[in-house]
Amino acid sequence: MPTHKPVQYVIFDMDGLLLNTEEIYSDTFRGILGKYGKTYTNDVKIKVRGTMPKDTYSTFIREYQLPVTLEAFTEQVSSCLLSNMEKAELMPGAERLVTHLKKHNIPIAVATSSGNQTFDVKTKHHKSFFDLFDHIVIGSSDPEVKNGKPAPDIFLVCASRFPDKPSPDKCLVFEDAPTGVQGAVAAGMQVVMVPEPIIPEEKRKLATKVIPSLLDFKPEEFGLPKFED
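Residues numbered from 1 in each chain as written. Predicted model: local features only at pLDDT ≥ 70, side-chain atom pairs only at ≥ 80, totals over all residues. Heavy atoms only, no water.

Per an unreviewed UniProt entry, the chain goes by Pseudouridine-5'-phosphatase and derives from Parthenolecanium corni.

The following block contains the structure:
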């Protein structure tokens, strides 16, 4: 029996949720900030988690008072990221859950804050996996996504692109970042959060359910087909 309101559509965030990119981001940001004599702290890491690149880099410049333009900083970070992002592996439980939903004809989509270029690099070795999704909204490059997370735009746009345009309450979102959880809740959707251990308790409270890993998700709790194994 469902323990939460049943859903019929599922929307996934990508970075840190489907793909293990967070270590690559952290190493890159740590290295670049180190050149300015700055330390990448968990407080800032939590603030930028799940945000669009332009918002992420603006936050770095503001928080660390960096003597650099947004354009120059973006160029520095982008060149470093592009050389490492193709190493990103799938997160535990991602393939199992997505293939299960696909097998049972549950409409699924991705709503990511990535830009086109970084998305292509990150997914380079996972083409068949990402082909399972009905559609993918790449927030930083999508003209319909006016505002990044924590605004609800990307989730509302993503839902509207399913053929029968479901209402938000029929959609379940998977997120790892507090900004993403905020955006999904603002869109009127239920959210399963899979946070990093550094995310404090108060930033998990908006989520409908919090689990340590996608391996711990029980689809039947949201009226979705149960795993056979």
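Enquirer: How would you explain the sheet that holds strand S5 (residues 190-193) if you had to name every residue and give the values?
Expert: Pairing is parallel across the open sheet formed by six strands, whose spatial order is S3-S2-S1-S4-S5-S6. The open sheet has two free edges, formed respectively by strand S3 (135-138) and strand S6 (209-210), since each of these has just one partner strand. Pairing of strand S1 (residues 9-12) with strand S2 (residues 108-112) involves three bridges; the strand directions are parallel. The residue of S2 that forms the bridge with isoleucine 11 is alanine 109. Lying over the sheet, helix H8 (residues 153-160) contacts S1, S2, S3 and strand S4 (171-175), oriented at roughly 150° with respect to S2. In the packing of helix H9 (residues 178-186) onto the sheet, the strands contacted are S4 and S5, and the crossing angle to S5 comes to about 165°. (Pairing = 2+ DSSP bridges. Helix = DSSP H or I, 4+ residues; strand = E, 2+ residues; numbered from the N terminus. Contact = heavy atoms within 4.5 Å. Axes fitted to C-alpha atoms, helices over the stretch in contact; angles between N-to-C directions.)

Enquirer: With reference to specific residues and values, describe the side chain of histidine 100.
Expert: Looking at the secondary structure, you find histidine 100 in helix H5 (residues 94-103). On the basis of relative accessible area, histidine 100 is assigned to the buried category, the value being 5%. Residues within four places of histidine 100 in sequence aside, it is in contact with Pro219, Pro225, Lys226, Phe227 and Glu228. (Buried < 20%, exposed > 50% of the residue type's maximum accessible area, 1.4 Å probe, protein only.)

Enquirer: Give me the lowdown on helix H3 (residues 53-64), citing residues and values where you can.
Expert: Taking 1.5 Å per residue, twelve residues should reach 16 Å; H3 reaches 16 Å between its end C-alpha atoms and fits that length. Listed in full, the buried residues belonging to H3 are Thr56, Tyr57, Thr59, Phe60, Ile61 and Tyr64. Against the buried residues of H3 lie helix H1 (22-35), helix H2 (42-48) and helix H4 (70-82). Phi turns positive one or two residues past the end of H3, at glutamine 65, with a value near 50°. (Expected span 1.5 Å × (residues − 1).)

Enquirer: Explain the packing of H1 against H4 to me, using residue names and the numbers behind them.
Expert: The geometry of H1 relative to H4 is characterised by a closest axis approach of 10 Å and an angle of 135° between their N-to-C directions. Between H1 and H4, the crossing angle belongs to the class labelled oblique. For H1 against H4, the interelement crossing comes out right-handed. Touching Ile24, Tyr25, Thr28, Phe29 and Ile32 of H1 are Phe73, Gln76, Val77, Cys80 and Leu81, all from H4. Of the residues that constitute the contact of H1 with H4, the class distribution is eight nonpolar, two polar and no charged. (Parallel < 35°, antiparallel > 145°, perpendicular 65-115°, else oblique. Left-handed = near helix turned anticlockwise from the far one by under 90°. Nonpolar A, V, L, I, M, F, W, Y, C, P; charged D, E, K, R; others polar.)

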